[in-house]
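Breakdown of the fold
Listed below, chain by chain, are the residues.
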Amino acid sequence: MSDSKLDLLQGTLDLMVLQTLATMGAQHGYGIARRIEQVSGEQVLLNQGTIYASLVRLQERGWISAEWGTSDNNRKAKFYSITKKGRKQLAEDAVYWQRLSSVMGRVLAMQGDDK
Amino acid sequence: MNWLRQLLQRLRSSFSDAQTDRELDTEMAAHLELAIEENMKRGLAAEEARRQALVRFGGVEQATQQHREARGFQAFDILWLDLRYTFRTMRRDPAFTLIAVLILTLGIGANIAVFSVVNTLLLRPLPFRDPQQLVWITGIPGRGGLSSQTYSTDAYKALLSQQRSFQDVTGYFAFSTSDNTRLMGRGEPLLLSGILVNENFFQTLGIQPILGRLFRPEECQKKRRQ
């Protein structure tokens, strides 16, 4: 049970990272984590550290690339950006999640006649 | 191709793990500093800013572990670590190593010995025509050793004339050893295994001689020819 839960979270986090990079351009890990927290209205209580596993996973699949650079405040940081392949994957996954969430929404909105 | 690239990447990453770990450390340190800075901008004291940044990060050790798992650290490296640990232990404790090697040697040796016997006796078919139709008629093992498992000539003759289950019944002289005959001629004498058999022995087993011929009936009658 807890395993399947974790899998779902992993999948969603990867997608959130891809979307963030697609809209914001190159970003370091902290920036991505903060952005996800802000956009979700601080509803996702993300352990920010988990983002690095997601980032390396996406890198291994060739969906994002990484490069060392300097942050706004002159710190050495690794900057990630989405690849062409990543954008394609993002489009596919986004469609899937939208379909899934709309189906879930309809199923959960279902009401009995006798109510 | 995808799995190949992933495999290569995993192999490479398992060789450059220390390097990747160092990079991740740098990356996470930068992350925490950025977080602390932002917290301080929000008006927190340095100590509290640091504490909150660490809480939000959720454990550097766990993040490193997750990172390693995601990049395929586990399988290769744990195997490598295990192997190294094994060899270290073996070097430290030669007595144990000796016993372990001895037990393995004996075990493997015994297995090979048993298998070669089983293979010859049970698995490989006998080198005769229709080996599945061959039956070895033997007496009940009793106190007399091999003698109680053999048949006298009279018993054999009775068996031959009265049985209706077999195409033929033959026999051989059981009390013999291998290498009991010498072939003398030119050059070195050759040790051979000779055994006395009934006249129908070769026909029953379906063996044809490469050279010469089989026994003739008149050769097999008592006091006819030696």
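**A short note on the interface of chain A and chain B**
- Counting residues at the interface gives 28 residues for chain A, matched by 26 residues for chain B.
- Around 2,400 Å² of area is buried between chain A and chain B when both sides are counted, 48% of it from carbon and sulfur atoms.
- When the buried surface of chain A facing chain B is broken down by residue, Tyr30, Tyr52 and Glu60 of chain A rank first, second and third, together holding 31% of it.
- Between Glu37 of chain A and Arg56 of chain B there is a salt bridge, with the nearest N and O atoms lying 3.0 Å from each other.

**Things to note about the side chain of Gln48 of chain A**
- Relative to the helices and strands, Gln48 of chain A is located in the loop between helix H2 (29–39) and helix H3 (50–60).
- Within the local environment of Gln48 of chain A, its side chain forms a polar contact with the side chain of Glu37 of chain A, the two groups lying 3.3 Å apart.
- At a separation of 2.8 Å, a polar atom in the side chain of Gln48 of chain A contacts the side chain of His31 of chain B.
- Non-local contacts of Gln48 of chain A, meaning those with residues more than four positions away in its chain, are made with Tyr30, Ala33, Arg34 and Glu37 of chain A together with His31, Arg56 and Phe57 of chain B.

**Observations regarding the environment of Val60 of chain B**
- You can see Val60 of chain B is positioned in helix H4 (residues 60–70).
- When sequence neighbours within four positions are dropped, the list of residues in contact with Val60 of chain B reads Met28 and Leu32 of chain B.

**Here's the deal with the confidence of the model for chain B**
- Averaged over all residues, the pLDDT of chain B equals 84, while 89% of them reach at least 70.
- In the model output, the complex is listed with pTM 0.50 alongside ipTM 0.78.

**What to know about the nonpolar core**
- Val17, Ile32, Ile51, Tyr52 and Leu55 of chain A are the most contacted members of the largest nonpolar core, which totals 29 residues.
- Of all elements in the fold, only helix H1 (2–24), H2, H3 and strand E3 (76–82) of chain A together with helix H2 (17–41) and helix H3 (46–57) of chain B reach the threshold of two or more residues within this core.
- It is H2 of chain B that provides the largest number of residues to this core, a total of six residues.
- Setting aside its immediate chain neighbours within four residues, Ile32 of chain A contacts Val17, Thr20, Leu21, Gln27, Ile51, Leu55 and Tyr80 of chain A.

**Some thoughts on the confidence of the model for chain A**
- Overall, the predicted model of chain A reaches an average pLDDT of 84, with 88% of residues at or above 70.
- Low pLDDT, under 50, characterises residues 1–8 of chain A; the stretch is placed with one contact to residues that sit more than four places away or in other chains.

**Section: the packing of H2 of chain B against H4 of chain B**
Residues and elements named next belong to chain B.
- Here H2 crosses H4 at 135°, and the two axes come no closer than 11 Å. The angle between H2 and H4 falls in the class oblique. In this structure, the crossing between H2 and H4 has a hand that is right-handed. Along the contact surface, H2 presents Thr20, Asp21, Leu24, Met28 and Leu32, while H4 presents Val60, Ala63, Thr64, His67 and Arg68.
- Residues that form the contact of H2 with H4 fall into these classes: five nonpolar, three polar and two charged.

**Topic: a positive patch on the surface**
Residue and element names in this part refer to chain B.
- Together, Arg84, Arg88, Arg91 and Arg92 make up a positively charged patch on the protein surface.
- For Arg91, the position within the fold is in helix H5 (residues 73–92).
- Overall, the relative accessible area of 66% leaves Arg91 in the exposed class.

Thresholds, definitions, all that
- Residues numbered from 1 in each chain as written.
- Chains lettered and ligands numbered in written order.
- Predicted model: local features only at pLDDT ≥ 70, side-chain atom pairs only at ≥ 80, totals over all residues.
- Heavy atoms only, no water.
- Contact = heavy atoms within 4.5 Å.
- Buried area = accessible area lost by both parts, 1.4 Å probe.
- Salt bridge = Lys/Arg side-chain N within 4 Å of Asp/Glu carboxyl O.
- Helix = DSSP H or I, 4+ residues; strand = E, 2+ residues; numbered from the N terminus.
- Polar contact = N/O pair within 3.5 Å; in protein donor to acceptor, adjacent residues only side chain to side chain.
- pLDDT = per-residue confidence, 0-100.
- Core = buried A, V, L, I, M, F, W, Y, C linked by side-chain atoms within 4.5 Å.
- Buried < 20%, exposed > 50% of the residue type's maximum accessible area, 1.4 Å probe, protein only.
- Axes fitted to C-alpha atoms, helices over the stretch in contact; angles between N-to-C directions.
- Parallel < 35°, antiparallel > 145°, perpendicular 65-115°, else oblique.
- Left-handed = near helix turned anticlockwise from the far one by under 90°.
- Nonpolar A, V, L, I, M, F, W, Y, C, P; charged D, E, K, R; others polar.
- Patch = residues over 30% accessible without salt bridge, like charges linked within 9 Å, V, L, I, M, F, W, Y side chains within 5 Å.
- Areas by Shrake-Rupley, 256 points an atom, 1.4 Å probe, with all protein chains shown as cover.
- Lys, Arg positive; Asp, Glu negative; His and termini not counted.
- Charge placed at Lys NZ, Arg CZ, Asp CG, Glu CD.

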